[in-house]
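Listed below, chain by chain, are the residues.
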Amino acid sequence: MSFAASVLTLYPEMFPGALGVSLAGRALEAGTWSLDAIQIRDFATDKHRTVDDTPAGGGAGMVMRADVLARAIDHASPPGDARPRLLMSPRGKPLTQARVRELAAGPGAVILCGRFEGVDQRVIDTRGLEEVSIGDFILSGGEPAALVLLDAVVRLLPGVMGNAVSGEEESFENGLLEHPHYTRPQEFEGREIPEVLISGNHKKIAAWRREQSERLTQERRPDLLGAQPLLK
Ligand code: SAH
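Residues numbered from 1 in each chain as written. Predicted model: local features only at pLDDT ≥ 70, side-chain atom pairs only at ≥ 80, totals over all residues. Heavy atoms only, no water.

## Topic: the nonpolar core
With 28 residues, the main nonpolar core has Phe3, Trp33, Ile111, Leu149 and Leu150 as its most contacted residues. When contributions to this core are tallied by element, the ones reaching two or more residues are strand E1 (3–9), helix H1 (22–30), strand E5 (85–94), helix H3 (97–105), strand E6 (108–113) and helix H5 (142–154). At eight residues, the largest contribution of residues to this core is made by H5. Apart from residues no more than four positions distant in its own chain, Ile111 is found in contact with Ser6, Val7, Leu8, Leu86, Met88, Ala146, Leu149 and Leu150. Counting residues in hydrophobic clusters, the runner-up holds 22 residues, among them Leu10, Val68, Ala72 and Leu87. (Core = buried A, V, L, I, M, F, W, Y, C linked by side-chain atoms within 4.5 Å. Buried < 20%, exposed > 50% of the residue type's maximum accessible area, 1.4 Å probe, protein only. Helix = DSSP H or I, 4+ residues; strand = E, 2+ residues; numbered from the N terminus. Contact = heavy atoms within 4.5 Å.)

Structure representation (structure tokens):
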């Protein structure tokens, strides 16, 4: 069963974009996942193919119309489609590795990319859109956010990452930031690889990595230490 992504956008040419190369690109070619980029404008009905209008109540910018978006969503995700419907939105719940894992375990996702000031609230309410944010900053559109979300999901699909173990040791998977990495050369600009890592003592290495992880998390993301680990 492959993961099916449908992306609703005014800029379908942005897809697969970065997801057409490397691991995600190979997985796309192999059919591990599929991507359908749907032009929202195709669901406009007037001569000018209008998708947006001025905000009710006044104010700057434009708002994406509920009727046009609803037609696009109903086309991409007819009743009975088990895939969650996501709206990329700075007002959404911040994306977490836990949510990424859930999505990767499911049948796919229908992803609406906003533009302008955002979308008419009624389409969010009637089509049950789950608002998802990729961080506390404002993008010019939902497309880069959708690419980020899909990148995170696709790398977890079975067979996409060569070394499956590495996925479980990443930052956030155990509620901690990852330890530092080293590789050859043994000495770089006068700095040696930490002794313990070349000791061959796997128990000591694991303990050192754990300590480093805890130290980094304490320093940079103390907020994570209060949270529940995602695995085990
Ligand atoms: N007026 C809105 C911002 C609109 S930005 C507000 O103040 O909340 C235009 C579009 O970019 C949004 O509809 C959304 O789809 C996307 N976007 C912007 N920032 C985002 C973020 N941090 N995460 C996810 N999507 C984002």
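## Description of unusual backbone geometry
Between Phe15 and the following residue, Pro16, the backbone shows a cis peptide bond with an omega angle of -5°. Looking at where Pro16 falls in the secondary structure, it is placed in the loop between E1 and H1. Its identity is not glycine, yet Arg49 carries a phi of approximately 55°, on the positive side. On the basis of relative accessibility, which here comes to 36%, the residue Arg49 falls in the partly exposed class. Residues other than glycine seldom take positive phi values, yet Phe172 does so here, at roughly 80°. On the secondary structure map, Phe172 appears in the loop between helix H6 (164–168) and strand E8 (187–188). A relative accessible area of 35% places Phe172 in the partly exposed class.

## Some points on H3
Here H3 has its buried residues at Gln97, Arg99, Val100, Leu103 and Ala104. For H3, the angular spread of the buried residues around the axis is 155°, confining them to a single face. In H3, the exposed residues that point more than 90 degrees away from the buried face are Glu102 and Ala105. (Arc of directions from axis to C-beta.)

## Notes on the site of the ligand
Around the ligand lies a shell of 19 residues, among which Met88, Gly114, Glu117, Gly135 and Phe137 are the nearest. At 2.9 Å, a backbone N or O of Gly114 approaches an oxygen atom of the ligand. Measuring from a nitrogen atom of the ligand, one finds a backbone N or O atom of Gly135 at 3.0 Å. Taken by itself the ligand offers 560 Å² of open surface, and the protein chains cover 84% of this. Contributions of two or more residues to the shell around the ligand are made by E5, strand E7 (130–133) and H5. A total of three residues in the shell around the ligand trace back to one element, the largest contributor, which is E5. Classifying every residue of the shell around the ligand gives nine nonpolar, eight polar and two charged. (Near = heavy atom within 4 Å. Polar contact = N/O pair within 3.5 Å; in protein donor to acceptor, adjacent residues only side chain to side chain. Areas by Shrake-Rupley, 256 points an atom, 1.4 Å probe, with all protein chains shown as cover. Nonpolar A, V, L, I, M, F, W, Y, C, P; charged D, E, K, R; others polar.)

## Describing the pattern of salt bridges
In the structure shown here, the tally under the stated rule is 14 salt bridges. Where Glu143 meets Arg115, a salt bridge forms, and the shortest distance between an N and an O atom there is 2.9 Å. In this pair, Glu143 sits in helix H5 while Arg115 sits in the loop between E6 and helix H4 (121–126), placing the two residues 28 residues apart along the sequence. One exposure class covers both Glu143 and Arg115, and it is buried. Glu219 is the salt-bridge partner of Arg215, the closest N and O atoms lying 3.0 Å from each other. On the criterion of helical spacing, the pair formed by Arg215 and Glu219 is a turn pair, its members being four residues apart in helix H7 (residues 202–220). Glu219 sits in the exposed class, given a relative accessible area of 52%. Each of the salt bridges in this network shares a partner with another, and the network as a whole consists of Arg99, Glu102 and Glu130. (Salt bridge = Lys/Arg side-chain N within 4 Å of Asp/Glu carboxyl O.)

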